[in-house]
Amino acid sequence: MESLTFESRDLARTEEFLNRAYTKMRIGGGTDDVSARITREAVGSISVDRLDIGFEMKYDADPLGKICLCVVEAGTVQDHATDGWQDAFGPGDVVSFAPPDRPYVGKVCRSRYSITMFDPALLTRTAGVDNRTGGPVRLLGHRPHSAAAARHLVSTINYLGDQVLPDSTVRTSVLLQSSVSRLLASSVLAAFPNTALIAQDRADGRDAHPRTVQRAIAFLESSVDQDVAVGDVAAAAGVTVRAVQTAFQRHLGTTPMAYLRLLRLAEVRTELLAGDPAKLSVTAVAARWGFHHLGRFAAAYREQYGELPRTTLGR
């Protein structure tokens, strides 16, 4: 399901929909006045749902198999998992539901909230941590470590749900989907305590020499149109993630992923210089090379080339 809207005043129909949209669950309500409205925008493994549950809904759910983030706008939500974790949260709270592999139960009390879900493997790939340095990345807490981190994550979720996922362009660009996925995963890793921090502290940085940079650049140049994560760059260079990051910082003053963005900016410029302004748009070219935020893309392009992309195309 990519885009959907569900509305019902029937408990059985609501339960049936929740089973299809999320996971197998049983729900109950303490009143006959049942009302539920759910909308979804989704691309790939990422979905942002807006829910308005207008009654007291109890639930008993099987494991989701996904990271599930909840942002409450109104009402309260009570949730707890089989490992003993439990929490109750209200307007303004941001929380990660039970671990992806654990069942959970709880109660929604006339609430309006959003649910953002994605594949847990995205955290590992974005962090660049492999089995040698700690295994799959896991979140170690259910709430962000600071109010500032929570605000940044909510801002990212709103940006994705309101502007990015509804855009049909995202569904046609592999690089754009990759960029969006990593934006969300990076925001989650920055907001919640997680095992990647521990694993990265153990990483070996002794291989941060020029040959590492040369091997990494050769890989990036050959993979500029592919879905690339920092772990892929490290593997191609034959070193740890920390080593390749340290090498780029030490010898180039940048990061592997920032270097990849420069390579993609160069591809954009090549297309714009060769393009016909009557047939080509800056937006389409930017999307093809994985740039989803046009304002930031234009600023980065101007910083690199001293002119706006539309000037290049119009030349």
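Quick notes on the rules
Residues numbered from 1 in each chain as written. Predicted model: local features only at pLDDT ≥ 70, side-chain atom pairs only at ≥ 80, totals over all residues. Heavy atoms only, no water. 1 Å grid on protein atoms, 1.4 Å probe; cavity = no way out; pocket = protein on both sides within 12 Å on 5 of 7 lines; lining within 4 Å. Points joined across faces, edges and corners; volume = space filled by probe spheres on them. Helix = DSSP H or I, 4+ residues; strand = E, 2+ residues; numbered from the N terminus. Nonpolar A, V, L, I, M, F, W, Y, C, P; charged D, E, K, R; others polar. Buried < 20%, exposed > 50% of the residue type's maximum accessible area, 1.4 Å probe, protein only. Contact = heavy atoms within 4.5 Å. Expected span 1.5 Å × (residues − 1). Arc of directions from axis to C-beta. Salt bridge = Lys/Arg side-chain N within 4 Å of Asp/Glu carboxyl O. pLDDT = per-residue confidence, 0-100. Pairing = 2+ DSSP bridges.

Q: Can you break down empty space enclosed by the protein residue by residue, with the values?
A: Think of a ball as big as a water molecule: rolled over the atoms, this probe shows where empty space is left. Applying the stated criterion across every chain yields a total of one cavity of 30 Å³ or more. Approximately 180 Å³ is the volume attributed to the largest cavity. In terms of lining, the largest cavity is formed by 17 residues, of which the most central are Met25, Phe97, Tyr104, Tyr113 and Ile115. Of all elements in the fold, only strand E4 (46–61), strand E5 (67–81) and strand E8 (104–118) reach the threshold of two or more residues within the lining of the largest cavity. Each residue belonging to the lining of the largest cavity can be placed in one class, and the counts come to 17 nonpolar, no polar and no charged.

Q: I'd like a rundown of the side chain of Thr23, residues and numbers included.
A: In this structure, Thr23 sits in the loop between helix H1 (11–21) and strand E2 (25–29). Taking relative accessible area as the criterion, Thr23 reaches 10% and is therefore assigned buried. Setting aside anything within four residues of it in sequence, one finds Thr23 in contact with Leu18, Ala61, Asp62, Pro63 and Leu64.

Q: Let's hear about the environment of Leu313: which residues, and what values?
A: Checked against the element boundaries, Leu313 lands in helix H12 (residues 309–314). What makes Leu313 buried here is its relative accessible area of 8%. Taking the C-alpha atoms as reference points, Leu313 and Gly275, 38 residues apart in sequence, are found 6.5 Å from one another. Aside from chain neighbours lying at most four places away, what touches Leu313 is Leu272, Gly275, Asp276, Pro277, Leu280, Ser281 and Val282.

Q: Quick rundown of the layout of surface pockets? Include the residues and the values.
A: In this structure, the largest pocket encloses a volume near 1000 Å³. Of all the secondary-structure elements, those providing two or more residues to the lining of the largest pocket are helix H2 (121–127), helix H4 (174–191), helix H5 (195–201), helix H9 (256–274) and helix H11 (294–305). It is H9 that provides the largest number of residues to the lining of the largest pocket, a total of eight residues. In terms of residue class, the lining of the largest pocket is made up of 18 nonpolar, twelve polar and five charged. In this model, the second largest pocket occupies a volume close to 370 Å³. Around the second largest pocket sit 20 residues that line it, and Pro99, Pro100, Asp101, Arg138 and Leu139 are the ones nearest its centre. Taken together, the residues of the lining of the second largest pocket sort by class into eleven nonpolar, four polar and five charged.

Q: For H11, give the residues involved together with the corresponding values.
A: Over its twelve residues, H11 runs 16 Å from end to end, which matches the ideal 16 Å to within 8%, given 1.5 Å per residue. Of all the positions in H11, only Phe297, Ala298 and Tyr301 are classed as buried. Buried positions in H11, seen along its axis, are confined to an arc of 95° and lie on one side of it. Residues of H11 that are exposed and angled more than 90 degrees away from the buried face: Arg296 and Glu303.

Q: Which residues make up the pattern of salt bridges, and what values do they have?
A: The tally for this structure, following the rule as stated, stands at 16 salt bridges. The residue Glu73 makes a salt bridge to Arg112 at a minimum N-O spacing of 3.2 Å. With Glu73 in strand E5 and Arg112 in strand E8, the pair connects residues that are 39 residues apart, well separated along the chain. We classify Arg112 as partly exposed; its relative accessible area is 39%. Overlapping salt bridges, with partners in common, bring together Arg125, Arg182, Asp227 and Asp232 in one network.

Q: Got a sec to walk through the confidence of the model for the protein? Specific residues and values, please.
A: Low pLDDT means the predicted atomic positions in that stretch should not be read closely. When pLDDT is averaged across the protein, the result is 89; 93% of the residues are at 70 or more. Of all helices and strands in the protein, the one with the weakest mean pLDDT is H5 (62), whereas H9 scores best (96).

Q: Before we move on, can you summarise the pairing of strand E3 (residues 36–43) with the specific residues and values?
A: Both strand E1 (residues 3–8) and E3 contribute to a ladder of six bridges, which runs antiparallel. From the neighbouring strand, Ser8 faces E3, where its bridge partner is Ala36. Where E3 folds back onto E4 in an antiparallel hairpin, the turn is made up of two residues, including Gly44, whose phi is positive at roughly 60°.

Q: I'd like to hear about unusual backbone geometry, residue by residue, with values.
A: Residues apart from glycine generally show negative phi values, whereas peptide bonds are mostly found in trans. Positive phi, close to 45°, is recorded for Arg110, a residue that is not glycine. Considering the arrangement of structural elements, one finds Arg110 in strand E8.

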